[in-house]
Amino acid sequence: MRRYDDKVNTPRAIRFYRPIWPISAYIHRERLHLRGFDVAGLAARLGTPLYLYDGATFDHAVAAYRAGLRAWPGPSAISYAAKAWFNRPFARVLARRGLHIDAVSEGELGVALAAGFPAGRIHVHGNNKSPTLARMAARAGVAAWVVDHPQELALLARLSDEGERIPDLWLRFTPALSAPTHPYRQTGHRESKFGMSRDEILLAAEQIHKHPKLRLTGLHAHIGSQIFDLDPMFEACDRLIALFAELRERGHASLRVLSPGGGLGAPYHPDDPRLSLFQNVERIVRHCAATWARMAKAPHPTLLLEPGRSLIARAGLALYTVGAVRMLENGRRIIAVDGGMADNVRPALYRARYTACAAAAALAQPLGPARIVGPLCESGDFLIDKIDLPPLSVGDILAIPMSGAYHLSMASNYNGALRPAVYWLHRDDLIPFQRRETIADLLARDLPLPLIAL
Ligand SMILES: Cc1ncc(COP(=O)(O)O)c(C=O)c1O
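From a predicted model like this one, the values you see are computed outputs, not experimental measurements.

Chemist: I'd like to hear about unusual backbone geometry, residue by residue, with values.
Modeler: Here Thr48 and Pro49 are connected by a cis peptide whose omega angle stands at -5°. Although it is not a glycine, Met402 sits at a positive phi angle of roughly 60°.

Here is the structure:
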């Protein structure tokens, strides 16, 4: 495997490695630009940490999914996994693009509904859904409830007895295989906390069949996230389709949605495998179509793909201001910036690797290895463990690509960190999506002390 961050004098093509930057990004006179905007200038004007999302990159990814799904002979849809990054303005973008949403909590469902996202395109997932979420989903009229374990059926039956209209049910299947990804991102292995075995699925399907008000319409699996090797995905699709065919043979004729989840990897670093999103989506879809033709004779169900990261990670750019530069005795620099694990916990959580550039000197000759750290009271508060960067001084802007997914949705207020402002670039307009958090936001949940002294 190539490991560019172990070397000094990183080549220019790697210092700005196109596949991991937003498609509207380019370098002009050494300075990073995003469709006409000078990025360092924007950061100086809007403050940092700052997240910029490039709408063109997101639309490009959606188009790749749509094109790949054409290889499926039946109907198809894309359901965006809201956990990757979500807020009201983005929910509106998703609604306008005709996407569906996978929501896993009262919070995600609440945001989607507040944005006016059509309930008929929302699917509710989760391994421990609350009765409140169930009631909320039923009243909103969501499209589907993805049953994760058999006890959920008792909850739904109870709600139905109370007169709630229960959404269509899908069953989440655990295909019992380990996806080649970080263990924390594996979800389809035998010991996974998510989903049901084949036997549990057959039993749950029978229970649903016997209940006059419950209706089984879909079968779902999701084996993990940030997966580059498609073979386990193919295997998961085969097992899912075999079970789908078996359920149909057993008389579950209302089954009409086949959902092999999301999880396609996205390169974050020049060392990562380079992917054509379209080709990989198409390969998965073709594989499903071939397996379906071999195993199931019935008309094609709706094929529903459920990506998060591969739709939105590349669109996001994180910008930070350098606050301190220290040179260690071994010649390595420690560069402290004004964001870190509070807005991007992935390096601490998964040892995720990133690259970066100095926004005002993107292709400048590197000086040698540096560690990019944040301001929080944790040695695990780092963004990049090792990177070859040019000289950087206090006040310079550092840009980190591939910051669109699982950053802000996992952000915290640790050490009182204020969550960054977010802007969305739509053609030539920079649209504010979320303002920066303020101290007033931090105080908003605190209640006045009662008069009795504590
Ligand atoms: C059920 C489900 N569907 C879809 C996704 C999206 O995965 P990714 O962002 O890797 O595409 C996830 C996240 O792991 C998930 O848990």
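Chemist: Before we move on, can you summarise the sheet that holds strand E3 (residues 37-38) with the specific residues and values?
Modeler: Reading across the sheet, the three strands line up as E1-E2-E3 and stay open at both edges, with antiparallel pairing between neighbours. Strands with a single pairing partner mark the edges of an open sheet, and in this sheet they are strand E1 (25-28) and E3. Here E1 pairs with strand E2 (residues 31-34) via four bridges, running antiparallel. What sits directly across from Tyr26, in E2, is His33.

Chemist: Tell me what's going on with the site of the ligand, and back it up with residues and numbers.
Modeler: If you check the shell around the ligand, you find 18 residues, and the closest are Ala81, Ser225, Gly262, Gly308 and Arg309. Considering only residue class, the shell around the ligand consists of four nonpolar, ten polar and four charged.

Chemist: Go over helix H5 (residues 106-114), please, and point to the residues and values.
Modeler: Each full turn of the α-helix corresponds to 3.6 residues, which orients residues three or four apart in the same direction. Taken together, the buried positions of H5 are occupied by Glu108, Leu109, Ala112 and Leu113. Taken down its axis, H5 places every buried residue within 130° of arc, on the same side. Those residues of H5 that are exposed and aimed more than 90 degrees away from the buried face are Gly107 and Ala114. Here the buried face of H5 lies against helix H4 (88-96), strand E6 (100-103), strand E7 (122-124) and helix H6 (131-140). Of the residues one or two after H5, Gly116 is the one with positive phi, at around 80°.

Chemist: I'd like a description of the nonpolar core, backed by residues and values.
Modeler: Residues Leu319, Ala359, Ile372 and Ala399 are the most contacted members of the largest nonpolar core, which totals 133 residues. The residue makeup of this core includes at least three contributed by each of domain 1 (4-54 + 314-443) and domain 2 (70-312). Those residues in contact with Ala359, other than ones at most four positions away along the chain, are Arg31, Leu32, Val39, Ala40, Ala43, Leu319, Ile397, Leu398 and Ala399.

Chemist: Could you give an account of the domain arrangement of the chain, with specific residues and numbers?
Modeler: Interface extent is often summarised as the accessible area lost during association of the parts. Segmentation of the chain into domains returns domain 1 (4-54 + 314-443) and domain 2 (70-312). A C-alpha centroid distance of 33 Å is found between domain 1 and domain 2. Counting residues at the interface gives 23 residues for domain 1, matched by 19 residues for domain 2. At the level of secondary structure, the elements contributing two or more residues to the side of domain 1 that touches domain 2 comprise helix H12 (346-350) and strand E20 (429-434). Here the residues of the side of domain 1 that touches domain 2 sort into 16 nonpolar, five polar and two charged.

Chemist: How would you explain the environment of Glu30 if you had to name every residue and give the values?
Modeler: Mapped onto the fold, Glu30 is located in the loop between E1 and E2. Each C-alpha atom, one on Glu30 and one on Leu305, is 39 Å from the other, the two residues being 275 residues apart in sequence. Apart from the residues lying within four places of it in its own chain, the contact partners of Glu30 are Ala361, Ala362, Leu363 and Ala364.

Chemist: Explain the packing of H5 against H6 to me, and be specific about the residues and the numbers.
Modeler: One can describe the packing of H5 onto H6 by two numbers: an axis separation of 10 Å at closest approach and a directional angle of 25°. Considering their axes alone, H5 and H6 lie roughly parallel with respect to each other. Considering how the two elements wind past one another, H5 and H6 form a crossing that is left-handed. Contacts from Glu106, Leu109 and Leu113 in H5 reach Thr132, Leu133, Met136, Ala137 and Ala140 in H6. Here the contact of H5 with H6 is built from residues that sort into six nonpolar, one polar and one charged.

Chemist: Would you mind going over the packing of helix H3 (residues 55-69) against helix H10 (residues 277-295) in detail, with residue names and values included?
Modeler: Relative orientation of the contacting elements H3 and H10 amounts to 30°, with a least axis distance of 8 Å. One element, H3, and the other, H10, form an angle in the roughly parallel class. Considering the relative orientation of H3 and H10, their crossing is right-handed. Here Ala61, Ala64, Tyr65, Ala67, Gly68 and Leu69 of H3 come into contact with H10, specifically with Leu277, Phe278, Val281, Glu282 and Val285.

Chemist: Can you tell me about the pairing of strand E13 (residues 316-327), naming the residues and giving the values?
Modeler: Across four bridges, the pairing between strand E4 (residues 50-54) and E13 is antiparallel. Bridged to Leu52 within E13 is Leu317. In this sheet, strand E14 (residues 333-337) lies alongside E13 in antiparallel orientation, the contact comprising five bridges. By the bridge assignment, Met327 is partnered in E14 with Arg333. Hairpin connection of E13 to E14: five residues between the antiparallel strands, including Gly331 at a positive phi of 90°.

Chemist: Can you break down helix H2 (residues 39-46) residue by residue, with the values?
Modeler: Buried residues of H2: Val39, Ala40, Leu42 and Ala43, and no others. One face of H2 carries all of its buried residues, which in axial projection span an arc of 160°. Looking at the buried residues of H2, the elements they touch are E2, E3, E4, E13 and strand E18 (397-400). Immediately beyond the C-terminal end of H2, within one or two residues, lies Gly47, with a positive phi of roughly 85°.

What counts as what
Residues numbered from 1 in each chain as written. Predicted model: local features only at pLDDT ≥ 70, side-chain atom pairs only at ≥ 80, totals over all residues. Pairing = 2+ DSSP bridges. Helix = DSSP H or I, 4+ residues; strand = E, 2+ residues; numbered from the N terminus. Near = placed C-beta within 6 Å. Nonpolar A, V, L, I, M, F, W, Y, C, P; charged D, E, K, R; others polar. Buried ≥ 20, exposed ≤ 12 C-beta atoms within 10 Å, placed from the backbone. Arc of directions from axis to C-beta. Contact = placed C-beta atoms within 7 Å. Core = buried A, V, L, I, M, F, W, Y, C linked by C-beta atoms within 7 Å. Domains from an automatic or database assignment. Axes fitted to C-alpha atoms, helices over the stretch in contact; angles between N-to-C directions. Parallel < 35°, antiparallel > 145°, perpendicular 65-115°, else oblique. Left-handed = near helix turned anticlockwise from the far one by under 90°.

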